Amino acid sequence: MRSMIRHALLASAALTLLAGCAQLSVQTDYNPARPLPPLRTYQLGEVRVYDAQGRLDADNTLQKDRIGRVLATAFAERGVSPLSRQADVQVNVEVEQREVSQIIDPRPRVSVGIGRGIYPGWGLGWQVPMQRDYLEGRLRVDVLKNGALLWRGETRATLNSHGQWDEAGMLDGMRQVIKALPPAAP
């Protein structure tokens, strides 16, 4: 019995490690007929932060500052620098969180056991479907030129235990989204 529990714990630890190493999936949308201009500069436009109930959290300057730092770092790695006026593109960022319930095993289980030894007996057990509740964050980046949306990229990630994006997780997500930008037009 102990070896079975040990194997189950090792398997779950290995899956957790592999999930942590996996790249985030990024969904993008753009019109190939309207390619991006050469990106050398960007201007940070609107930053929207939504809480788990879907309400706009306009006063969350901590999260907005974190988004600005992470965006600057991710674009700097691509050779694009911030500019307050006359930038090549405007970048809007939206961050939201939502509660997710994932059914791990939907089958209810019934078990019967018979004991032996000094106190023989029997038992009946019932297990309800297993569920995992967690907070998921969505990070969306819009690239605009003259008010027209040219490109949109977004990713989703599991948030920390406080239901917030930590800076490292947000930076990883932002890097994946910025890396998905198509090459600029020649």
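Residues numbered from 1 in each chain as written. Predicted model: local features only at pLDDT ≥ 70, side-chain atom pairs only at ≥ 80, totals over all residues. Heavy atoms only, no water.

This next bit is on the side chain of Asp 88. Within the secondary structure layout, Asp 88 lies in the loop between strand S3 (81-82) and strand S4 (89-105). No salt bridge forms around the buried Asp 88; measuring N to O, its nearest opposite-charge neighbour Arg 40 is 4.5 Å away. Those residues in contact with Asp 88, other than ones at most four positions away along the chain, are Pro 37, Pro 38, Leu 39, Arg 40, Thr 41 and Lys 145. (Helix = DSSP H or I, 4+ residues; strand = E, 2+ residues; numbered from the N terminus. Buried < 20%, exposed > 50% of the residue type's maximum accessible area, 1.4 Å probe, protein only. Lys, Arg positive; Asp, Glu negative; His and termini not counted. Salt bridge = Lys/Arg side-chain N within 4 Å of Asp/Glu carboxyl O. Contact = heavy atoms within 4.5 Å.)

Taking strand neighbours across the sheet as the criterion, the six strands line up as S1-S8-S7-S4-S2-S3 in an open arrangement whose pairing is mixed. Two strands in the sheet have a free side with no partner beyond their single neighbour: strand S1 (26-30) and S3. Direction of pairing for S4 relative to strand S7 (residues 130-145): antiparallel, over a ladder of 15 bridges. Directly across from Ser 101, in S7, lies its bridge partner Asp 133. Of the strands in this sheet, S1, S4, S7 and strand S8 (148-158) are in contact with helix H3 (residues 167-179), which crosses S7 at around 50°. (Pairing = 2+ DSSP bridges. Axes fitted to C-alpha atoms, helices over the stretch in contact; angles between N-to-C directions.)

Strand direction decides the pairing type here: S7 and S8, joined by ten bridges, are antiparallel. Across the sheet, the residue bridging to Gly 137 is Ala 157, located in S8. Taken together, S7 and the strand that follows it, S8, pair antiparallel across an intervening segment of two residues, in which Asn 146 is found at a positive phi of about 55°.

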